[in-house]
Amino acid sequence: MPAVTVENPLTLPRVVAPADAVARPVLTVTTAPTGFEGEGFPVRRAFAGINYRHLDPFIMMDQMGEVEYAPGEPKGTPWHPHRGFETVTYIIDGVFDHQDSNGGGGTITNGDTQWMTAGSGLLHIEAPPESLVTSGGLFHGLQLWVNLPARDKMMAPRYQDIRGGQVQLLTTPDGGALLRVIAGDLDGHQGPGITHTPITMVHATVAPGAEVTLPWREDFNGLVYVLAGRGGVGAERRPVRTGQTAVFGAGSSLTVHADERQDANTPDLEIVVLGGRPIREPMAHYGPFVMNTREELQQAFEDFQKGRLGSVPAVHGMTEGAL
């Protein structure tokens, strides 16, 4: 799990929760069901079974892999539409190409993030490059959907390509964790991702036996998803393991502890810490569209069917009707 790392975390700025911070209690721990996405790559549905009031402004998150592909096996997604929200694709291991009907796109690899604001709508594709399809190899990443408030749902689409080297790297007072701030603010340190809905997104690697207590905005919700490893959440160290999500209650700090012993193939506890300011607006979600009303959903489908969300570039030899 390379993403972005440093040899000595103690050279990094340190995050310290105030002494009077109010610890957030753990409300629930859920286990992500497994499934398949796109053309058949394996995923864990991180937020399945969690009440939306605890997720808002997040909609869904899939852990893609971790999977070791044989030659010819790597898979992606076909062309598909989006409207009304943002997709965040974070690649930990492997390579993914992405392209949209507006001419945007690029390649993301170890530690890179592609932040796409779908806004008023576009067509989009994500796929492994031909070289990876030929050779096979390790693939592991996340895709997070972040809602947009009603005022921004029909904004012009845009991309942010966030390279691994741009991520804000921090540590804890004892150097027991490496904190990668992808978006938002953590203890006054700003990540590179620019968000319409205020959020914080952190990928943390916690050494065996180490504990992380992060200051956390009181107006944000708090979620921890375990990418790999075992540990405990909250002051009570409620057990969590790979593929589980912890939902935290109100407070101004959250705590995660890594077990002293990890699996042989997982030397550290790997987690994603998420929080955002709830939008608290009605949500109508179906497939690739996230709007505020059923009527807006119907309009999104109609606009897609009539080609108003763009068309697949001719170089692909496809027409929109082939989707």
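That block above? That's the structure.
Remember, it's a predicted structure, so these values are computed and weren't measured experimentally.

1. Observations concerning the overall build of the chain
Reasoning step 1: Within the chain one finds three helices and 26 strands.
Reasoning step 2: Taken over C-alpha atoms, the radius of gyration comes to 19 Å for the chain, in line with the 20 Å a tight globule of 323 residues would show.
Reasoning step 3: For the chain, the C-alpha atoms occupy an extent of roughly 55 × 45 × 35 Å along the three principal directions.
Reasoning step 4: Taken across its 323 residues, the chain has 55% of its residues classed as buried.
Reasoning step 5: Sequence-distant contacts, at least 24 apart, represent 73% of the contacts inside the chain between residues at least 6 apart.
Reasoning step 6: One way to put it: in the chain the 23 positive side-chain charges average out to a point 6 Å from where the 36 negative ones average out.

2. Section: the environment of Thr266
Reasoning step 1: Mapped onto the elements, Thr266 comes out in the loop between β23 (253–258) and β24 (269–276).
Reasoning step 2: Note on Thr266: relative accessible area 11%, which makes it buried.
Reasoning step 3: Residues Thr266 and Gly229 lie 37 residues apart in sequence; the distance between their C-alpha atoms is 5.8 Å.

3. Comments concerning unusual backbone geometry
Reasoning step 1: Here the residue pair Asp56 and Pro57 is connected by a cis peptide bond, since its omega of 20° sits within 30 degrees of zero.
Reasoning step 2: Among the secondary structure elements, Pro57 is positioned in the loop between α1 (52–55) and β4 (58–69).
Reasoning step 3: Look at the link from Gly65 to Glu66: it is a cis peptide, with omega at 15°.
Reasoning step 4: On the secondary structure map, Glu66 appears in strand β4.
Reasoning step 5: Backbone geometry places Arg237, a non-glycine residue, at a positive phi of 55°.
Reasoning step 6: The topology assignment puts Arg237 in the loop between β20 (230–233) and β21 (238–241).
Reasoning step 7: Positioned with a positive phi, Arg280 is a non-glycine residue whose angle comes to about 55°.

4. Quick word on the pairing of strand β13 (residues 168–171)
Reasoning step 1: Sheet topology note: the β13/strand β14 (residues 177–183) ladder contains four bridges and is antiparallel. Bridge pairing in β14 links Thr171 to Leu178.
Reasoning step 2: Following β13, the chain reverses through five residues before pairing antiparallel with β14; Gly175 in that reversal takes a positive phi of roughly 75°.

5. A short note on the packing of aromatic side chains
Reasoning step 1: Counted according to the given criterion, the structure contains five aromatic pairs.
Reasoning step 2: Note on Phe96 and Phe139: the rings are 4.9 Å apart at their centroids and 45° apart in plane angle, and the pair reads as tilted. Of this pair, Phe96 sits in strand β7 (residues 96–100) while Phe139 is found in strand β11 (residues 137–147), placing the two residues 43 residues apart along the sequence.
Reasoning step 3: Residue Phe96 is classed as buried on the basis of its relative accessible area, which comes to 2%.
Reasoning step 4: What links up through ring pairs into an aromatic cluster is the set Tyr69, Phe96 and Phe139.

6. Re the sheet that holds β23
Reasoning step 1: Strand order in this open sheet of four strands is β18-β23-β20-β21, and the pairing throughout is antiparallel. In the strand order of this sheet, the two ends are held by β18 (211–215) and β21, each with one partner. With direction set aside, neighbouring strand axes in the sheet form an average angle of 25°.
Reasoning step 2: One ladder, built from three bridges, connects β20 with β23; its direction is antiparallel.

7. With respect to helix α3 (residues 294–305)
Reasoning step 1: Taking 1.5 Å of rise per residue, 12 residues should cover 16 Å, and α3 covers 17 Å from first to last C-alpha, within 8% of that figure.
Reasoning step 2: Of the positions making up α3, those classed as buried are Leu297, Ala300, Asp303 and Phe304. Taken around the axis of α3, the buried residues stretch over an arc of 125°, which confines them to a single face. Residues Arg294, Glu295 and Gln305 are exposed on α3 and point more than 90 degrees away from its buried face.
Reasoning step 3: On the buried face of α3, the contacting elements are β5 (80–82), β10 (122–127), β25 (284–286) and β26 (289–291).
Reasoning step 4: Taken from the residues just after α3, Gly307 is the one with a positive phi, measuring 80°.

The rules behind the values
- Residues numbered from 1 in each chain as written.
- Predicted model: local features only at pLDDT ≥ 70, side-chain atom pairs only at ≥ 80, totals over all residues.
- Heavy atoms only, no water.
- Helix = DSSP H or I, 4+ residues; strand = E, 2+ residues; numbered from the N terminus.
- Rg over C-alpha atoms; globule rule 2.2 N^0.38 Å.
- Buried < 20%, exposed > 50% of the residue type's maximum accessible area, 1.4 Å probe, protein only.
- Contact = heavy atoms within 4.5 Å.
- Lys, Arg positive; Asp, Glu negative; His and termini not counted.
- Charge placed at Lys NZ, Arg CZ, Asp CG, Glu CD.
- Pairing = 2+ DSSP bridges.
- Phe/Tyr/Trp six-rings, centres within 6.5 Å; stacked < 30°, edge-to-face > 60°.
- Axes fitted to C-alpha atoms, helices over the stretch in contact; angles between N-to-C directions.
- Expected span 1.5 Å × (residues − 1).
- Arc of directions from axis to C-beta.

Read these as geometric descriptors, not functional statements.
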